Amino acid sequence: MITFVASIVLLLLGYLIYAKVVERIFGIDDQKATPAYEKHDGFDYMPMSWWKASLIQLLNIAGLGPIFGAVMGALYGPIAFLWIVVGSIFAGAVHDYFSGMLSLRHNGAQFPALVGKYLGKYPKTVINVLSIALMVLVTAAFTAGPAQLMAEVTPLGFLTCIFIIFAYFLAATILPVNKIIGRIYPVFGAILIFMAAAIGIGLFFFDYSVPNLTMQNLHPDELPIWPLLMVTVSCGAISGFHSTQSPILARTLKKESEGRKVFYGAMIAEGVIALIWAAAGMTFFGSTESLQAALASGGPAGVVNEISTTTLGTLGGILAVLGVILLPITTGDTALRSSRMMLMDFVKEVTSKKLDGRWTAALFAIPVAIPVFLLTQMNYNFLWRYVGWSNQVVATVMLWTAAMYLLKNQKFHWICSVPALFMTAVVSSYIFYAPEGFSMSYSTSMVIGSIIWVAVASWFVWQLIRHKSEGKSNALPAKAS
């Protein structure tokens, strides 16, 4: 229990201390008008209170990610606590802060536009395709999952549930941000927090023994931590999906100082939620073998339902159903909204035409809604597998984008470049070892991943040298003519 409690304390200290360091390095200016005022359109751009934006951001980035991912991450034992804490403070929250604040500084720009500005047009083209593909995969996964549960607990069929969820998705995608998202998301965000808090309190008062991190359980048998843990537990530590969601709220902030609460703070809150569910997964079933069996029989949703109903009784059952149905839906709709916004921004850039209005938004929602619907007919586990790696690739690119922004502005880039190097190593080695990738041997995958990492690190060293020499040349006094 000591490791669990210490992890929560460290996350809170991370927000109180390191968040201010990150904010100071970025350099906020509350005298600058934010996009919510400069581009106010009553649709995507409009001022919103910071507390409401924080709850919406938490729900957008969280959903079931820090619950399902943390429960599956519990198979690795207490080492998962360490990854959640270190990942959230030094990688995930930094990633979320810069994805939101860079969007705010660039008139509410979407993630691909930021990549294009700081990494170049070719990475922008690739990330445009990858980001929209990730949004489609996330929306499909977060439609199929709740639809299956709805079909089980109601007399409705699976396809009927799909159509009901899609009708809501389209409404949330094309209506102004304050009509549905701004009104009901804070309530759902409160449900997510209450659900985690209730389980966390239950761990203390129902005589559960949360394991501590020791040298003996540092590495689970026959389960390589690197790089599998860093992809399994993503939303509770670092997730590229967040960089596609932050621009939604960047277009609503009233001043720049609210960014620390909305972007960095929401990620820390998600880390706390992930810690609670990881602890519940480690203790409730008595052993990792029993947890593995429970996951095999009922999936993450079944595990969450069993923990909730056993710990909290009828209330827990209600919360579990609400959580497993509502929370992924509220992630799926903002994923669809983000992909619609990305597509609109891309067409605006190519055609130089002004594209505004509800019906225009509805038109752009169709090209992404169709593949989402088709993917919902596939196996849920298949979908979720491919979400993981693409999600962490997007996170890596966002960290490199932030690092280049800091480097170009002669600021302390290491707060972004170090986690970017770390995540580069993760995604480079994972795809060659994972079954959804090339299924190579572990040693071969590590060698190939190391080669890719060296290539990327060499590129960044060249960037450091180039910007250092440019800085010196700019500092030289002009010669007299």
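Note: the structure precedes this text.
All values reported here derive from a predicted model rather than from experimental measurement. (Residues numbered from 1 in each chain as written. Predicted model: local features only at pLDDT ≥ 70, side-chain atom pairs only at ≥ 80, totals over all residues. Heavy atoms only, no water.)

(A) Local environment of the overall build of the chain. Regarding its fold elements, the chain presents 17 helices and 0 strands. Expressed as a percentage of its 481 residues, the buried residues of the chain come to 57%. Sequence separation of 24 or more characterises 83% of the internal contacts of the chain that already satisfy a separation of 6 or more. Total accessible area on the chain is roughly 19600 Å²; 67% of this is exposed by carbon and sulfur atoms. (Helix = DSSP H or I, 4+ residues; strand = E, 2+ residues; numbered from the N terminus. Buried < 20%, exposed > 50% of the residue type's maximum accessible area, 1.4 Å probe, protein only. Contact = heavy atoms within 4.5 Å. Areas by Shrake-Rupley, 256 points an atom, 1.4 Å probe, with all protein chains shown as cover.)

(B) Region of interest: the packing of aromatic side chains. By the definition in use, this model includes 16 aromatic pairs. Centroid distance Tyr-15 to Tyr-264: 6.5 Å. Interplanar angle 40 degrees. Geometry classified as tilted. You can see Tyr-15 sitting in helix H1 (residues 2–26) and its partner Tyr-264 sitting in helix H12 (residues 259–284), a full 249 residues away along the chain. Residue classification places Tyr-264 among the buried residues on the basis of a relative accessible area of 1%. Each member of the aromatic cluster is reached from another via a ring pair, and the members are Phe-26, Tyr-97, Phe-98, Tyr-118 and Tyr-405. Above the plane of the ring of Trp-50 lies Lys-261, whose end atom (NZ or CZ) is 4.4 Å from the centre. (Phe/Tyr/Trp six-rings, centres within 6.5 Å; stacked < 30°, edge-to-face > 60°. Lys NZ or Arg CZ within 6 Å of the ring centre and 35° of its normal.)

(C) Fine view of the packing of helix H4 (residues 65–73) against H12. Between H4 and H12, the shortest axis-to-axis distance is 8 Å and the interhelical angle comes to 40 degrees. Comparing their axes, H12 and H4 come out oblique. Read as a crossing pair, H4 and H12 show a hand that is right-handed. On H12, the residues touching Pro-66, Ile-67, Ala-70 and Val-71 of H4 are Glu-270, Ile-273, Ala-274, Trp-277 and Ala-278. Considering only residue class, the contact of H4 with H12 consists of 8 nonpolar, no polar and 1 charged. (Axes fitted to C-alpha atoms, helices over the stretch in contact; angles between N-to-C directions. Parallel < 35°, antiparallel > 145°, perpendicular 65-115°, else oblique. Left-handed = near helix turned anticlockwise from the far one by under 90°. Nonpolar A, V, L, I, M, F, W, Y, C, P; charged D, E, K, R; others polar.)

(D) Summary view of the side chain of Arg-260. Structurally, Arg-260 is set in helix H12. The class of Arg-260 is buried, set by a relative accessible area of 15%. Excluding anything up to four places from it in sequence, Arg-260 contacts Tyr-15, Ala-19, Lys-20, Glu-23, Tyr-97 and Gly-265.

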